[in-house]
Amino acid sequence: MGDQDFGIDLDVINRVAREVREVLDCGVQVALVIGGGNIFRGVSPAAKDMDRVTADHMGMLATVMNALSMQDALERHGMKVRVMSSLQIHQVCEDYVRRRAIRHLEKGRVVIFAAGTGNPFFTTDSAASLRGIEVGCDVVMKATKVDGVYSADPVKDKSAVRYDRLTYDEVLDKRLAVMDQTAIVLCRDYHMPLRVFNMNKPGALLRVVYGEDEGTLVVPGE
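Calculation rules
- Along each chain, residues carry numbers from 1 onward, in the same order as the chain's sequence is written.
- Whole-chain, interface and lining totals are the exception, using all residues; otherwise, since this is a predicted model, local features are given only for residues with pLDDT of at least 70 and side-chain atom pairs are given and counted only at 80 or more.
- To get the side-chain values, all heavy atoms of the structure are used, and hydrogens and water are removed first.
- One bridge is not enough; two strands pair if DSSP finds at least two bridges between them.
- Put simply, DSSP H or I for four residues or longer makes a helix, DSSP E for two residues or longer makes a strand, and each gets a number counted from the N terminus.
- Throughout, disulfides are identified as pairs of cysteine sulfur atoms within 2.5 Å of each other.
- Any Phe, Tyr or Trp ring, taking Trp's six-membered ring, that has another such ring centre within 6.5 Å forms a pair; planes under 30 degrees apart are called stacked, those over 60 apart edge-to-face, and the others tilted.
- Burial classes follow relative accessibility: with a 1.4 Å probe on protein chains only, a residue under 20% of its type's maximum area counts as buried, one over 50% as exposed, and anything between as partly exposed.
- Consider the ring centre and the ring normal. A charge sits over the ring if Lys NZ or Arg CZ is within 6 Å of that centre and within 35 degrees of that normal.

1. Quick word on the sheet that holds strand β4 (residues 110–114)
Strand order in the open sheet made by the four strands is β1-β4-β2-β3, with parallel pairing throughout. Lying at the two open borders of the sheet, with one neighbouring strand each, are β1 (31–33) and β3 (94–95). Note that β1 and β4 share three bridges and pair parallel. Bridging across to β4, V33 finds its partner in F113.

Below, the structure written as structure tokens:
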């Protein structure tokens with residue numbers, strides 16, 4: 001969305017594509033989970049009078065639109081890409097099949113997971129945690145507009161403190177706004193590390209891949 005109020009900012013899409021290309025060139029397998037809030041979000045004010053299941057399905061379709069846009073940008077930057085959807089939309093993307101997704105990654109293709117989990121009431125955060133665990137990722141990386149996890153909203157509270165490292169239990173106990181609780185519990189229970197970083201910061205994605213101290217690292221605990 002960039003600085004727009006709605007829709008897709010192609011400059012942002014192309015910048016992300018360039019950074020993904022840098023990571024792929026390092027020999028790292030890359031899978032992306034795409035949200036849809038720039039087009040429609042099931043829990044947004046625009047959906048307040050709608051049936052929640054219907055609204056969530058509309059949000060899933062919005063993620064497919066974003067995934068196709070990202071696929072186009074990645075391909076223009078010389079990458080091979082597959083969009084895999086939790087909803088069946090055969091004309092525009094593949095169905096999500098775990099073994100097929102792993103095979104795509106092994107062949108050096110970028111895999112974009114769209115349509116969340118395919119179920120209402122579950123967020124894109126939950127989809128990212130679930131897919132990351134399913135395909136055996138080394139880390140789930142949450143790209144946000146802030147440079148990590150804070151004790152409070154840094155936009156509203158200037159005294160908010162950024163954490164360098166947390167455990168999942170600390171995130172739950174402190175009720176920190178990292179991901180929804182379902183996603184956090186999934187990562188905790190399956191020992192999946194999570195790195196939260198600012199995607200708008202140039203080079204941040206590559207620094208995360210190289211293991212540098214970027215953003216906040218959330219781990220299962222001791």
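2. Looking at the state of the cysteines
Applying the stated rule across the entire model yields zero disulfides. Counting only cysteine sulfurs, C187 is the nearest neighbor of C137, a cysteine outside any disulfide, at a range of 10 Å.

3. Quick notes on the packing of aromatic side chains
Geometry of an aromatic ring pair is reported as the spacing of the ring centres plus the angle between the planes. Taken as a whole and judged by the stated rule, the model has one aromatic pair. Between Y96 and F113 the ring centres are 5.5 Å apart and the planes differ by 85°, which places this aromatic pair in the edge-to-face class. Within this pair, whereas Y96 is found in the loop between β3 and α3 (98–106), its partner F113 is found in strand β4, the two being separated by 17 residues in sequence. Neither Y96 nor F113 differs from the other in exposure class; each is buried. Between the NZ or CZ atom of R131 and the centre of the ring of Y96, over which it lies, the distance is 3.8 Å.

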